[in-house]
Amino acid sequence: MLSFVVGRVLATVPVLLGVSVVVFLTMKLIPGDAAQVLAGPQATREQVELIRESLGLNRPLYVQYTTWLGNAVRGNLGRSIELEAPVSSMVLDRLKNTLVLAIGSAVFAITIGVPIGILSATRRASLLDRASVVFALFGNSMPSFWLGLVLILVLSLHLRLFPSQGMYSLRGPTGFGDLMWHLTLPALTLSGVPAAALARVTRSSLLETLHEDYIRTARAKGIAETRVVVRHALGNALLPVVTLVGIQAGYLLGGSILVETVFSWPGLGLQLYDAIGARDLPLVQGGVLLVAGLFVCINLAVDMLYSQLDPRIRYTA
Amino acid sequence: MGLRRSVKQVKRLLRGQGHLVTKTGVPEPVGPVHPGTLPMVRPRQGLTRPDAAGLLGSTLRRVLPTDISLPFTEPAQITEQARQAIREGFRTVKLRVGNHPQADDARLAAGRRAIDAEPDGEPVTFAADATGAWNRGEAIRRLRCWAPCRLAWIEQPVPASDLEGLAAVKRESPVPVIADESVLGPAELRRLVRSFRLKIPRFADLAPHKGRSTGIKPESQIPIEGLRISRCFRRRHKCRRRSHWGSVFVMGKLTRRRFVSSVLLSSAAAIAPRAWAAAPAKPGGTLICGWEAEPGAFDNDIDRGAVTRTLLHNIYDRLVDRDMTVPTSQPLVGNLATAWQVSPDARTYTFKLRRGVKFHDGTPFDAEAVKFNIDRDSDPSHKFYTKAGAGSLKLGYGNLASVDVLDQYTIRIVHKEPFADFLEVLAFGTYSIASPTAIQKYGNDDYPNHPVGTGPFKYVGREKGVKVTFERNPDYWAGAPALDGFIVRPLPEAVTRVTALQTGEVDWINAVNPDSMDAVKSNTNLTLALAQLPNTWGYIPNHKYPPTTKPALRQALNWAIDRETLARDVMKGLAIPARGTHAPGTPGYDPTIKGYGYNPAKAKRLLSTAGFPSGLPLEVWIPAGGAGSPFGIQMNEFIQQNFKDIGVAATFQQQEFQTFQNNMANGIQKDVNAIQVGFSVDEFVNLQRMFRTDLQPPNGNTNPGWYGSPQVDALLHRALGTTNDVQRRQLYFQVEQKAVDDAAWIFVVHQKAARAWNKKVRGYVNPASYMFTFRTVSMS
């Protein structure tokens, strides 16, 4: 078990390296650099050059990258060009907000998705089952920012039930209740895709399990149907569901850029969005690296959870 | 007053009940008289009061608030009288002004202090009445100086007969203007309505009276902006000779016939009037603003775009400034400099600095501080030299011979070459003066997170992605702002931004998206206003390689564009047709330049003259997404069709940003006939950069079309050495005219910005600029 974990952790190093190279090159491919953004569209070339020099953007690409890498290994992710602050503290500050949103969405996704999957599997081919298939298709295919805008227009603007933006009120008390009130709409929006995916996978996995011999045996023994489904089938059917939760957790962290932007949720996603707009390379690098690292960690955690769900699974390095 | 019926209807009603309409009311106290109010009067005969009020769709009021007018007394007495009046219950204090300018300054300040010093209660309105004492220039000058006194309005600043002067003052004044003596009867009102766009509020009915038509259409058909009844019968004697006119309006108060109407002229430039109702200019409140992006760090010398730069105007001062409390043609005013001298060769600038000003960190502002700021951005040997700052301020500080401190409050800046535009350049946000102590304390890297200036608001702190907080600078040299502070909330998504305004989560937003403008307009709690931006959107033709080297072809392209339809339909009113280089309302706008209209027939004729009777193909490069406007793509498509109509088959090539920028820097090449640009064109100095031969690529990227004309070069050169503002203006206007005649550009539109705010926000001036200030704002 330990050697498995160590092996997996070591394997993340090339992944993160690869991510950083790709981000670095992509940011170089995006037209315009920070110097140009700072100098404005009507600056003379001389002006842009001065600013570029001051930011060290005139050096060869490999020098820029290795310098950054050298610092990053020592825990220094550089300084944000646009906001003039250390990147490491900036991204960590934002991470907790993104985690709050991700956890909120995960709760929504699981409480909406899994029950729908169970209901439609146990009432196969019923109206409810068909409705759940439509829900899954709809949830998976609609863009999250669109859902966010619809929720804002209906629940915030017209019904005035929830605030349209932010994490805390700028006026009035800010406590846990205020946070939950602000969290509802963005979390619901972000949970759309994972909820749909969970419903689909739960349904198919449960259907498959319900056709297993041991389920027939259980039924033959006269065990109540609810007990059969919940105690006997569901546990075994959850394996692919947990894998999916892991994958979707990555989506919740990285894919929240649009949702955070729509709701002005002060998380990593909004920070990345602003940083890309300002061509703030160090900040983009730091943010993406953190998301990638988290993604790897979550996958590792999911892998280790398997053994808890299914004792037959053993780990070898 | 809430009247909903016309005079005719009411008369009919009353006659039906056998009442006389024309009975005059006689004052008769009902119950104890409360000071600061006037007793309602009882009609001698006829209707009882509740009857009359009910009939008129109004409710009976036992008391009627009125104002108190303080005479020409000494400042100390003003303080006493104002305090006395407020304690007696008056809620509007008006000061007579116009006798003696210096005395007025002190008296107004005393009045404002007295009002601010009163304990919280109902807000007190502070206004002034000049009874026609000034000429227009004097009026505008005085009113600008008095901005810190936060007057709710000024009555009759110019003589009653000078309606044009009144209009001029109205346009330029930071304070709403009321016409008082100018409206004696229907004839005057008619003139006013025709001269201005007046707002006739709901309670005013302009139906014909006593057989005399006012000639004014009913409310619904009048371009509306602001008419208000201000007087009460406290002035009965004065009013009596003012005819029957008042009764036409004042139907809620049948018994109070002899009313004088006063007309409030509100800004016609901004669609929304500034608060005309007695703006409670009581200090306090926090304004929450929805910003379209997260502002960058607050270096005083780096331009991080308009979203950040406009905040620099709130934190810092500059030596000279464009006064953003004036809606259009913002005057260049002394800010940290109180006076300056320019040498006849336009190279040496000597500034007298404002005394007694302190930075937010408590350190004094003086000539050494100014020198520190200039050296930091121009002298590589300076300890806190920044390349980024030097790059960003190259236009102003790039060619300095010396910067000398003459005494504690005098500084001399010498340029190597004549530079008559220097003052205007200094007014740009990035020429802000920062505290040298703070820069030394935090160092160049960390200073932007601890900005310290002398401006009206202090930077408190920021939670990135959440908010940036500013608080009032109580010691601001021009008077502390009314707000306790303001919060900038980044809301990048346009729909969310508008929703947050509609739900009251924020009070003020920038960049209202075009699709939401109707929703905002129809919301009675919100005000939507367009601001003309100093922006010019168009095409730069290739002046170096044919065929666009032929003036007739360039003119033909200019005549081919239907700018009106483009601005109205495609851009939803967020632009006006461009006649030349500068947008109306910008300091460089010349109204005499007529520019090009829409005339396809003329365009075709010119095309033949140019030698292309059967048309020609053109290669036009546009930046990816059609940069410079949210409507970029649709605009380009519309114009492509316009060109096609005269036989010009334009191919629009989208180029990604970098390629496009390189083209700007290297100049347009042989195979491209024009490129599309959206330039910010605010000051005259832009003309230097757009049209000078020696600033063609690679010496600059603002003349990528290789425009060059010996005549224009000579004019521009002369302008740089002309210190007389009037003459310099004339020279630049000649440049603009020549550029238009030459069709140096294909001028298309000047864009506008849509901003919106809650009606709780009082006193916000929406300037024709990317910049704005919250110094004049208060919350009700």
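So, a few notes on the structure that sits alongside this text. (Residues numbered from 1 in each chain as written. Chains lettered and ligands numbered in written order. Predicted model: local features only at pLDDT ≥ 70, side-chain atom pairs only at ≥ 80, totals over all residues. Heavy atoms only, no water.)

Before going further, it helps to examine the overall build of chain B. In terms of regular secondary structure, chain B is built from 25 helices and 30 strands. Every one of the 780 residues in chain B was classed for burial, and the buried ones make up 60%. Within chain B, counting contacts between residues at least 6 apart in sequence, those at least 24 apart form 71% of the total. (Helix = DSSP H or I, 4+ residues; strand = E, 2+ residues; numbered from the N terminus. Buried < 20%, exposed > 50% of the residue type's maximum accessible area, 1.4 Å probe, protein only. Contact = heavy atoms within 4.5 Å.)

It is worth spelling out the pairing of strand E15 (residues 348-353) of chain B at this point. All names here are of chain B. Counted residue by residue, E15 has five buried out of six residues, so it is predominantly covered. Where strand E14 (residues 337-342) lies against E15, five bridges are found, and the strand directions are antiparallel. Residue pairing for E15: Ala339 is matched across the bridge by Lys352. The turn joining E14 and E15, which pair antiparallel and follow one another in sequence, is formed by five residues; a positive phi near 60 degrees is taken by Ala346. (Pairing = 2+ DSSP bridges.)

Contacts between chain B and chain A engage 58 residues on the former and 43 residues on the latter. Here chain B and chain A share an interface that buries about 4200 Å² over both sides, 52% of which is from carbon and sulfur atoms. Interface area lost by chain B to chain A is led by Arg304, Lys387 and Lys464 of chain B, which between them contribute 14%. The tally of links from chain B across to chain A stands at five salt bridges. Across the pair Glu294 of chain B and Arg94 of chain A runs a salt bridge, and its minimum N-O distance is 3.7 Å. Where chain B touches chain A, the interface holds 15 residue pairs in polar contact (both at pLDDT 80 or more). At the level of elements, strand E11 (286-291), helix H12 (387-392), helix H15 (436-446), strand E20 (485-490), helix H16 (494-502), helix H22 (657-666), strand E27 (674-680) and helix H23 (685-691) of chain B are the ones that each hand at least two residues to the side of chain B that touches chain A. (Buried area = accessible area lost by both parts, 1.4 Å probe. Salt bridge = Lys/Arg side-chain N within 4 Å of Asp/Glu carboxyl O. Polar contact = N/O pair within 3.5 Å; in protein donor to acceptor, adjacent residues only side chain to side chain.)

On to unusual backbone geometry, then. Following Pro546 of chain B, the chain continues to Pro547 of chain B via a peptide bond in cis, the omega torsion being 5 degrees. Mapped onto the elements of the fold, Pro547 of chain B is located in the loop between strand E23 (535-541) and helix H18 (551-560). Although it is not a glycine, Ser264 of chain A sits at a positive phi angle of roughly 50 degrees. Its place among the elements puts Ser264 of chain A in the loop between helix H11 (256-263) and helix H12 (268-277). Phi is positive for Thr131 of chain B, which is not a glycine, with a value near 35 degrees. You can see Thr131 of chain B is positioned in the loop between strand E7 (125-129) and helix H5 (136-145).

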